[in-house]
Amino acid sequence: ALPLVERERLLNGNWKIKPCAGAYFKRIQIGSILKKLPDDIICLCRGWDLAATDEDENKDAAYTAGVLMAKRTCGRFLVVDVINQQLKAGDVRRLIMTTAQTDNSKYWKYGGVRQRLPQDPGQAGKEQAQSYVNMLAGYDVITKPESGSKESRAEAMAAQWQQGFFDVMEGEWNEEYFNQLESFPESKFKDMV
């Protein structure tokens, strides 16, 4: 159940293997691309990666990404929707609020959608996280401190992805999402991962 790099190191003793593009995610490893949301969804959660610079300020700025995933009774996972935009800080807040409203109205029959936001270290990170929780009062929201590299944080999903336990909903965002996953961790942008 380990991702490829860890499996090679620990099981096969290959200590020369390094994380590289395609070592975490390949589009050919998904189960199916679904046109219709399945009925066996247990829960939904949208995880956010925040940025606060728009394209006008810096064309190379990071993106704010929100990936909506579902867990199913059959044990499979499903990537339902992906948002990926370069926005100013105030626009990021509006995007998250609007998305929480949309997610909950669209997926209410599954018990709504939990919004998971990162909490940067230190006092400013705690303050920002609390302000998002306050803004999203009435919604299921959780903040979690970020620790470790993006590579180490992606390993749990990569292990399931590589075993074919992920399906993806068909959407306009698919190609951009797959491209970023497949180029991880070497790509400049890692926001959707």
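Here the structure is shown first, and the text comes after it.
Remember, it's a predicted structure, so these values are computed and weren't measured experimentally.

Asker: How do you make sense of the overall build of the protein chain when you look at a structure like this?
Answerer: If you tally the helices and strands in the protein chain, you get five helices and seven strands. Starting at the N terminus and walking to the C terminus, you meet the elements of the protein chain as α-β-β-β-β-α-β-α-β-α-β-α. For 193 residues, the compact-globule estimate of 2.2 N^0.38 gives 16 Å, and the C-alpha radius of gyration of the protein chain, at 17 Å, lies within 12% of that figure. Each of the three principal axes of the protein chain carries a C-alpha extent, and together these read 50 × 40 × 30 Å. The contacts in the protein chain between residues at least 6 apart in sequence include a share of 71% that link residues at least 24 apart. For the protein chain, the accessible surface area stands at approximately 10400 Å², while carbon and sulfur atoms represent 51% of it. Here the protein chain contributes 26 positively and 27 negatively charged side chains, and the mean placements of these two sets differ by 5 Å.

Asker: What should I look at first to understand helix α3 (residues 122–135) in this one?
Answerer: Helix length check: α3 (14 residues) gives 20 Å between terminal C-alpha atoms against 20 Å at 1.5 Å per residue, within 8%. Every buried residue of α3 is accounted for by G125, A129 and Y132. Down the axis of α3, the buried set is contained in an arc of 60°. They therefore lie on one face. Turned more than 90 degrees off the buried face of α3, the exposed positions are Q123, A124, K126 and E127. In the core, the buried residues of α3 are packed alongside α2 (89–106), β5 (113–119) and β6 (141–145).

Rules behind the numbers
- Residues numbered from 1 in each chain as written.
- Predicted model: local features only at pLDDT ≥ 70, side-chain atom pairs only at ≥ 80, totals over all residues.
- Heavy atoms only, no water.
- Helix = DSSP H or I, 4+ residues; strand = E, 2+ residues; numbered from the N terminus.
- Rg over C-alpha atoms; globule rule 2.2 N^0.38 Å.
- Contact = heavy atoms within 4.5 Å.
- Areas by Shrake-Rupley, 256 points an atom, 1.4 Å probe, with all protein chains shown as cover.
- Lys, Arg positive; Asp, Glu negative; His and termini not counted.
- Charge placed at Lys NZ, Arg CZ, Asp CG, Glu CD.
- Expected span 1.5 Å × (residues − 1).
- Buried < 20%, exposed > 50% of the residue type's maximum accessible area, 1.4 Å probe, protein only.
- Arc of directions from axis to C-beta.

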